[in-house]
Amino acid sequence: MDEIRRRIRDDHIADSVVTIVLIGRCTWQRKHVDWEISASIIDRPNNERCGVVGLLLPTHPDYDKWPKDRNPRLIPPRLARNIGGNDPFAAIYKWPRKRVSKRVIPKVHRAFLRKDKTPWPDDGLHLFRDNRSGDCHRGWQN
């Protein structure tokens, strides 16, 4: 487990400036997503902090309700802790159904600009040791 986390942090996140979290129906349960978000928001000598932006995919059960009716249980908890307040470290947007690059690129740029603006993003959760359980895959095994 520690070796996988180190590789995520040092081999994949270290050269990034923004981490894009694609949020589908089961993303909130995934340990590797949790580890990637954690590696992105910690500022270390060989791994500078990244901006973080979440994109709620159309497969997410709350896609049509977002952002009016937020349900943080269905988004990665570490991301949920960093989207609130007047000057949040991270943001979540809906995946645009049309003209994706034209609509996503400005959101990624805003995440880049926010990355050093918030001095202490919230990484206070314990890292997931395993994937979280839930009914995510119910009905997919037909």
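Scroll up to find the structure.
Residues numbered from 1 in each chain as written. Predicted model: local features only at pLDDT ≥ 70, side-chain atom pairs only at ≥ 80, totals over all residues. Heavy atoms only, no water.

K.L.:
Would you take a moment to explain the pattern of salt bridges for this structure?
P.N.:
Applying the stated criterion across every chain yields a total of seven salt bridges. Residue Arg81 pairs with Asp122 through a salt bridge whose shortest N-O separation is 2.9 Å. Remark: Asp122 occurs in the segment after helix H4 (100-114) and Arg81 occurs in the loop between helix H3 (77-80) and strand S3 (91-94); sequence separation between them is 41 residues. Here Arg81 falls in the partly exposed class, since its relative accessible area comes to 42%. When its relative accessible area of 26% is taken as the criterion, Asp122 is described as partly exposed. Residues joined in a network through salt bridges with shared partners are Asp34, Arg78 and Asp123. (Salt bridge = Lys/Arg side-chain N within 4 Å of Asp/Glu carboxyl O. Helix = DSSP H or I, 4+ residues; strand = E, 2+ residues; numbered from the N terminus. Buried < 20%, exposed > 50% of the residue type's maximum accessible area, 1.4 Å probe, protein only.)

K.L.:
I tried to follow H4 on my own but got confused; where do I start?
P.N.:
Three- or four-residue spacings in an α-helix give side chains the same orientation, since the helix completes a turn every 3.6 residues. Its 15 residues place the ends of H4 21 Å apart at the C-alpha level, agreeing with the 21 Å of an ideal helix rising 1.5 Å per residue. Among the residues making up H4, those that are buried are Val104, Lys107, Ala111 and Arg114. Projected down its long axis, H4 shows its buried positions confined to an angular sector of 75°, all on one face. Residues Lys102, Ile105 and Leu113 are exposed on H4 and point more than 90 degrees away from its buried face. (Expected span 1.5 Å × (residues − 1). Arc of directions from axis to C-beta.)

So yeah, pure geometry; function would need other evidence.
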